[in-house]
Amino acid sequence: MTTVDYFMEADNVYRTKDYIVCQKVSLCRSGKGNTLIMSDDIYLLRTRKRDTDYELVYKVRGKNINGKRMRSASYIRKYID
C-alpha cells in the first residue's frame, strides 16, 4: 500500500513532529445505548517521500497544512516505519 493510499482511506490525516497520522473514525454503540467515537490510527514514520506526498495532497490547507487530530473516546494505533 502506498502512502497516498493510506491518506485516501482515512477520514482524517495530520502530521506531528515524527509521524503522519491517518485516522479512520467509527461510531460504536454500547449495549446500554451509548454511542462512542473510536479511532483506528496508522502512524507512518515521516520520511522525505511521505512528506512530499503529504504536501502535494494537503497543500490546499495553506498555513494549517499539518492539520489536527479528531478527538475520540478510544483508539487503536499501528506504527509503520
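What you are looking at is a predicted structure, and each value in this text was computed from that prediction instead of being measured.

(A) Quick look at the sheet that holds strand β2 (residues 19-29). If you trace the four strands from one edge of the open sheet to the other, you get β1-β2-β3-β4, paired in mixed fashion. The sheet is open, and its two edges are formed by β1 (12-15) and β4 (74-80), each paired on a single side. Within this sheet the neighbouring strands show an average axis-to-axis angle of 20°, counted without direction. In this sheet, β2 lies alongside β1 in antiparallel orientation, the contact comprising four bridges. Residue Arg15 lies in a different strand from β2, and its bridge partner there is Ile20. Of the strands in this sheet, β1, β2, β3 (35-45) and β4 are in contact with helix α2 (residues 48-58), which crosses β1 at around 125°.

(B) Spotlight on the packing of aromatic side chains. Taken as a whole and assessed by the stated rule, the structure comprises six aromatic pairs. A ring pair is formed by Tyr19 and Tyr43, whose centres lie 5.6 Å apart and whose planes are at 75°; its orientation type is edge-to-face. Linking Tyr19 in strand β2 with Tyr43 in strand β3, this pair joins segments that are 24 residues apart in sequence. Look at Tyr43 and you get buried, because its relative accessible area is 7%. Each ring, one from Tyr43 and one from Tyr79, has its centre 5.0 Å from the other, and the planes form 35°; the classification is tilted. With Tyr43 in strand β3 and Tyr79 in strand β4, this pair connects stretches of sequence that are 36 residues apart. Using a relative accessible area of 44% as the deciding quantity, one classes Tyr79 as partly exposed. The ring of Tyr75 is capped by Arg69, whose NZ or CZ atom sits 5.6 Å from the centre of that ring.

(C) Focus on the pairing of β2. The hairpin formed by β1 and β2 contains three residues between the paired strands. Relative to β3, β2 is paired through 11 bridges, and the arrangement is antiparallel. Opposite Leu27, over in β3, you have Ile37 as the bridge partner. Hairpin connection of β2 to β3: five residues between the antiparallel strands, including Gly33 at a positive phi of 90°.

(D) Geometry of the pattern of salt bridges. Under the criterion given, the structure shown has six salt bridges. For Arg15, the salt bridge identified is with Glu55, shortest N-O distance 3.1 Å. Of the two residues, Arg15 is situated in strand β1 and Glu55 in helix α2; the sequence distance between them amounts to 40 residues. Note on Arg15: relative accessible area 10%, which makes it buried. Accessibility expressed as a relative area gives 38% for Glu55, which makes it partly exposed. For the salt bridge of Lys49 with Asp53, the shortest nitrogen-to-oxygen distance reads 2.9 Å. Taken together, the positions of Lys49 and Asp53, both in helix α2 and four residues apart, correspond to about one turn of that helix. Looking at Asp53, the relative accessible area reads 10%, which means it is buried. Residues participating in the shared-partner salt-bridge network are Arg15, Arg46, Asp51 and Glu55.

What counts as what
- Residues numbered from 1 in each chain as written.
- Predicted model: local features only at pLDDT ≥ 70, side-chain atom pairs only at ≥ 80, totals over all residues.
- Heavy atoms only, no water.
- Pairing = 2+ DSSP bridges.
- Helix = DSSP H or I, 4+ residues; strand = E, 2+ residues; numbered from the N terminus.
- Axes fitted to C-alpha atoms, helices over the stretch in contact; angles between N-to-C directions.
- Contact = heavy atoms within 4.5 Å.
- Phe/Tyr/Trp six-rings, centres within 6.5 Å; stacked < 30°, edge-to-face > 60°.
- Buried < 20%, exposed > 50% of the residue type's maximum accessible area, 1.4 Å probe, protein only.
- Lys NZ or Arg CZ within 6 Å of the ring centre and 35° of its normal.
- Salt bridge = Lys/Arg side-chain N within 4 Å of Asp/Glu carboxyl O.

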